[in-house]
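# Structure assessment
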Amino acid sequence: MTGRTELRALTAARGIAAWWVVLFHLRGALEGLPRVAEAILAKGYLAVDFFFLLSGFVLALSHGERLRAGGLAAIPAFLRRRIARIWPLHAAMLGFALLLVGILRASGRTTQDFPLAELPAHLLLVQAWGFANPLCWNDPAWSISCELAAYLLFPFWALAVDWRRQRTPILLAAIATLLGLLHGAFAARAAADLGQDIAHLGVLRCLLEFATGTLVHALWERWRERRSLPAIGVAIAMGSGWMLGVAETAMVPAMLAALLLALALAARRIRTPRNGALVHRLGEISYATYLSHFLLWFAFKLAFVHGETIGWPLALLYIALVLAASEALHRFVERPAQAWINRLPLRRSRRPLPAPRAPRG
């Protein structure tokens, strides 16, 4: 049975990456976890780097041409769509966190994970910009704060240069430069892993990888009728270098960029069967999974966990809870709020704009 040919591979990859983050946070409590599984799950923070790259790719695909056609007049509509996409669910999860604060205080427990003085910065999604501790309240939201910075800068990046028109050597050199700057920034702060020093490096990590994702999109536009084998080869080579001891900050972003390109190239040819609908759905609700799982784990531990580890029955119960919550939040919070904000009137430009390209992935 076949479906439509589309970039569903990217949607599925987003769902898998979101669950890699979930299991990264859960791994320390899993009883009897094999060493190999522990080593894989311990690198779950790298899924965030894939998200940053993917975000740049998808926005270049869906909004780059529209922004170039509309110029500065197109920026307000673009920013409204991005805020509608990320902020309502973020605000809802902060509301849930406030509920947890009330429960903790009522039971006489400490609330140091939820400093009220820093709540305004978190509500405004600027906690990772140096205004607050980014790893409190809802920890994973630090990356959404970084994404907001990328959204604010992306229109000017897209208007400055149409990277699709640049020669391939220039694109490759630009990617190498961006990723070289990333590695240099981490080395300057003696950070060997991409997940370190989020307070100082998180925004820069996002901006450089987001920009790299837009350049990967430009390569995809040029090569989309070609096979993905060369990109897969580059990803494997980079991964092998990392496994052999080359610095994570030097190899992994390039490996993930090559993997993203390979998935995008392959997605143009994949005939999606209906039995792949589950993985695709995980991708569609992945934002809700990503933003909800950490606070759900906090609440789950309060209710059910009384030691350092949990057995597999409780772990499966938590996973089922995250799945159910992700579906509910996506359907009843994320999508309705996004639709409502996007219907709010904006001052119309006299210049008609082309409809945005909606990527299926």
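Since the model is a prediction, treat every value here as computed from it, not as a measurement.

### Regarding the state of the cysteines
- Scanning all chains against the criterion turns up zero disulfides.
- This cysteine, C146, is not joined by any disulfide, and C206 carries the nearest cysteine sulfur, 5.3 Å off.
- Overall, the relative accessible area of 0% leaves C206 in the buried class.

### Remarks on the confidence of the model for the chain
- Per-residue pLDDT for the chain has a mean of 88; in total, 86% of the residues score no lower than 70.
- The low-confidence segment residues 1-5, where pLDDT is below 50, has 15 contacts with residues more than four positions distant or belonging to other chains.

### Brief notes about the packing of helix α8 (residues 198-223) against helix α10 (residues 248-267)
- At a closest axis distance of 10 Å, the pairing of α8 and α10 adopts a crossing angle of 35 degrees. Crossing of α8 over α10 shows right-handed handedness. Facing E209, T212, V216, L219, W220 and W223 of α8, the residues of α10 in contact are P253, A257, L260, L261, A264 and L265.
- Taken together, the residues of the contact of α8 with α10 break down into ten nonpolar, one polar and one charged.

### Notes on the environment of L295
- Positionally, L295 belongs in helix α12 (residues 286-304).
- Overall, the relative accessible area of 1% leaves L295 in the buried class.
- When the C-alpha atoms of L295 and N138 are compared, they prove to be 6.4 Å apart, with 157 residues separating the residues in sequence.

Criteria and thresholds
Residues numbered from 1 in each chain as written. Predicted model: local features only at pLDDT ≥ 70, side-chain atom pairs only at ≥ 80, totals over all residues. Heavy atoms only, no water. Disulfide = S-S within 2.5 Å. Buried < 20%, exposed > 50% of the residue type's maximum accessible area, 1.4 Å probe, protein only. pLDDT = per-residue confidence, 0-100. Contact = heavy atoms within 4.5 Å. Axes fitted to C-alpha atoms, helices over the stretch in contact; angles between N-to-C directions. Helix = DSSP H or I, 4+ residues; strand = E, 2+ residues; numbered from the N terminus. Left-handed = near helix turned anticlockwise from the far one by under 90°. Nonpolar A, V, L, I, M, F, W, Y, C, P; charged D, E, K, R; others polar.

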